[in-house]
There are 2 protein chains.
Amino acid sequence: MTSKEIAESFTALLKAGRHEEAAAKFNADDIVSVEAMEGPMAKCQGREAVKAKSDWWYAHHEVHSVTTEGPFVNGNQFAVRFEMDITAKETGQRMQMAEIGLYTMKDGKIVEERFFY
Amino acid sequence: MTSKEIAESFTALLKAGRHEEAAAKFNADDIVSVEAMEGPMAKCQGREAVKAKSDWWYAHHEVHSVTTEGPFVNGNQFAVRFEMDITAKETGQRMQMAEIGLYTMKDGKIVEERFFY
């Protein structure tokens with residue numbers, strides 16, 4: 001698959017709500033995930049650590065809707081825009097937010113995901 | 001200014017249609033600009049070369065509307081989403097397109113702009 005095909009296939013799975021399958025299929029074993037925050041939680045590495053972060057997020061948020069736009073491709077990187085309507089379960093606070101995920105590929109796998117908001 | 005303040009100030013100028021002022025104020029002298037294409041035109045370097053590319057683009061397109069969303073920030077980088085309604089003057093073809101610009105800062109200036117579409 002070309003970089004563009006990987007970007008399109010990955011994003012198609014996200015649009016179908018199959019985010020776990022997208023990660024299982026395309027994340028590299030040593031993927032690095034970088035959030036837009038300070039501190040030790042900002043960065044985690046490895047397929048299992050990234051899956052644990054994702055599982056935590058889905059366990060702590062009720063997702064009312066997600067709109068996924070993209071991919072926007074440039075070489076070995078692509079961006080995806082997410083628009084989310086969610087409720088944080090602990091506080092009950094409902095939020096509408098947009099964010100952008102930037103994905104870097106190497107050897108047909110995603111080696112970094114970096115989130116902007 | 002913090003990275004977040006630079007990102008917000010730069011994007012505010014873009015939203016106001018003042019893109020030349022944004023570039024003049026925040027682009028580093030040796031800024032690198034990377035388009036999502038193959039070949040020698042994909043990358044150009046230097047404030048003047050980047051301005052020439054921008055001038056060329058505005059000379060060859062009629063801009064009906066631009067919607068600018070952002071900034072989406074992560075550390076020393078930020079993303080901006082553009083939605084454009086333009087006509088290519090040479091062909092007369094009208095196009096609606098969305099793209100994402102990823103900007104990298106160093107020492108208070110933008111040292112790289114990279115476009116995804």
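Residues numbered from 1 in each chain as written. Chains lettered and ligands numbered in written order. Predicted model: local features only at pLDDT ≥ 70, side-chain atom pairs only at ≥ 80, totals over all residues.

**Description of the packing of helix H1 (residues 3-15) of chain A against helix H2 (residues 19-26) of chain A**
Residue and element names in this part refer to chain A.
Working step 1: Where H1 meets H2, the axes come as close as 7 Å, and the angle between the chain directions of the two elements is 155°. Relative to H2, the element H1 lies roughly antiparallel. Where H1 crosses over H2, the handedness of that crossing is right-handed. Contacts between H1 and H2 involve Ile 6, Phe 10, Leu 13 and Leu 14 from the former and His 19, Glu 21, Ala 22 and Phe 26 from the latter.
Working step 2: Its residues placed into classes, the contact of H1 with H2 shows 6 nonpolar, 1 polar and 1 charged. (Axes fitted to C-alpha atoms, helices over the stretch in contact; angles between N-to-C directions. Helix = DSSP H or I, 4+ residues; strand = E, 2+ residues; numbered from the N terminus. Parallel < 35°, antiparallel > 145°, perpendicular 65-115°, else oblique. Left-handed = near helix turned anticlockwise from the far one by under 90°. Contact = placed C-beta atoms within 7 Å. Nonpolar A, V, L, I, M, F, W, Y, C, P; charged D, E, K, R; others polar.)

**Some remarks on the sheet that holds strand E1 (residues 27-34) of chain A**
Residues and elements named next belong to chain A.
Working step 1: Pairing within the open sheet is mixed, and its 6 strands lie in the order E2-E1-E6-E5-E4-E3. The open sheet is flanked by strand E2 (43-45) and strand E3 (61-74), the only strands paired with a single partner. For this sheet the average axis-to-axis angle between neighbouring strands, irrespective of direction, equals 20°.
Working step 2: Of the strand pairs in this sheet, strand E4 (residues 77-88) and strand E5 (residues 94-106) are connected by 11 bridges, and their pairing is antiparallel. The residue bridging Phe 78 from the neighbouring strand is Tyr 103, located in E5. (Pairing = 2+ DSSP bridges.)

**Some remarks on the relation of the copies chain A and chain B**
These two copies of the chain differ by a rotation about an axis and a displacement along the same axis.
Working step 1: Overlaying chain A with chain B gives an RMSD of 0.0 Å, the required rotation being 180° about an axis along which the chain moves by 0.0 Å. Taken together, the rotation and translation describe the operation of a two-fold axis.
Working step 2: Residue by residue, 100% of the interface of chain A is reproduced at the interface of chain B, so both copies engage with the same surface. (Least-squares fit on C-alpha atoms with pLDDT ≥ 70 in both.)

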